[in-house]
Amino acid sequence: QVQLVESGGGLVQPGGSLRLSCAASGRIFMIGDMGWYRRAPRKQRELVANITRGGVTNYADSVKGRFTISRNNAENTVHLEMSSLKTEDTAVYYCNAESIASPISPEIVTWGQGTQVTVSS
């Protein structure tokens, strides 16, 4: 089993910044893609950004130029630096990771419990 624990959410004013972190633990041989998703009130969950093990990144158009995703493979962590935050960034943010427990194990997808980000004046 793999566990993902997010941290760093909170209340911030428009234009402000926040850094989200996610740490993976448990039966991990290797982690592949990692990502951040969010679910705003009355909306479906959407991809915010993801990053491959090799560091290739992908961003939703709505956050390009404002958010930066990074990871540390040795520590099994992924981070999301958010700046120039807008009220429409308010959502619960979820960490996601694809991992294998051994070289012959199937890949599993794990989700964190979510962390609330509220952008409001």
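Calculation rules
Residues numbered from 1 in each chain as written. Predicted model: local features only at pLDDT ≥ 70, side-chain atom pairs only at ≥ 80, totals over all residues. Heavy atoms only, no water. Pairing = 2+ DSSP bridges. Helix = DSSP H or I, 4+ residues; strand = E, 2+ residues; numbered from the N terminus. Axes fitted to C-alpha atoms, helices over the stretch in contact; angles between N-to-C directions. Phe/Tyr/Trp six-rings, centres within 6.5 Å; stacked < 30°, edge-to-face > 60°. Buried < 20%, exposed > 50% of the residue type's maximum accessible area, 1.4 Å probe, protein only. Lys NZ or Arg CZ within 6 Å of the ring centre and 35° of its normal. Disulfide = S-S within 2.5 Å.

Engineer: Whenever I open this one, the sheet that holds strand β7 (residues 67-72) confuses me. Can you help?
Structural biologist: Note on sheets: strands pair through backbone hydrogen bonds, and any given pair is parallel or antiparallel. Read across the sheet, four strands follow the order β1-β3-β8-β7 without closing on themselves; strand pairing throughout is antiparallel. Sheet topology places β1 (2-7) and β7 at the edges, where each strand pairs with a single neighbour. For this sheet, the mean inter-axis angle between neighbouring strands, taken without regard to orientation, is 15°. Examined bridge by bridge, strand β3 (residues 18-26) and strand β8 (residues 77-82) share six bridges and lie antiparallel to one another. Paired with Cys22 across the two strands is Val78, which belongs to β8.

Engineer: I keep staring at the packing of aromatic side chains and nothing clicks. Help me out?
Structural biologist: Aromatic ring pairs are defined here through the distance separating the ring centres and the angle between the ring planes. Tallied over the full model, the rule gives one aromatic pair. Plain terms: the ring middles of Tyr37 and Trp111 are 4.9 Å apart, the flat faces sit at 65° to each other, and that makes the pair edge-to-face. Of this pair, Tyr37 sits in strand β4 (residues 30-39) while Trp111 sits in strand β10 (residues 108-111), and the two are 74 residues apart along the sequence. By relative accessible area, which is 21% here, Tyr37 ends up partly exposed. Take Trp111: its relative accessible area is 32%, and that puts it in the partly exposed class. A cation sits over an aromatic face here: Arg45 above Trp111, 3.9 Å from the ring centre.

Engineer: Even after reading the chapter, I still don't get the state of the cysteines, so can you show me in this structure?
Structural biologist: When the sulfur atoms of two cysteines share a covalent bond, that bond is a disulfide. For the coordinates displayed, the defined rule picks out one disulfide. Paired by a disulfide, Cys22 and Cys95 hold their sulfur atoms 2.1 Å apart. Residues Cys22 and Cys95 are joined through a disulfide that is left-handed, its torsion about the S-S bond being -80°. Of this pair, Cys22 sits in strand β3 while Cys95 is found in strand β9 (residues 91-100), placing the two residues 73 residues apart along the sequence. As far as the burial class goes, Cys22 and Cys95 line up, both buried.

Engineer: When you look at the pairing of β1 in this model, what are you seeing that I'm missing?
Structural biologist: Every other side chain in a regular strand lies on the same face of the sheet, so the side chains alternate between the two faces. Of the two faces of β1, the one lined by Val2, Leu4 and Glu6 is fully buried and the one lined by Gln3, Val5 and Ser7 carries no buried residue. For β1 and β3, the ladder comprises six bridges, and the chain directions are antiparallel. When the sheet's bridge partners are listed, Gln3 is paired in β3 with Ser25.

Engineer: Looking at this model, I keep getting lost on unusual backbone geometry. Mind explaining?
Structural biologist: Among all residues save glycine, negative phi is the norm, and among peptide bonds the norm is trans. Although it is not a glycine, Asn76 adopts a positive phi angle of roughly 55°. Here Asn76 shows up in the loop between β7 and β8. Positive phi values are uncommon outside glycine, yet Ser84 reaches one of about 50°. Structurally, Ser84 is set in the loop between β8 and β9. Ser84 gets classed as partly exposed once you look at its relative accessible area, which sits at 40%.

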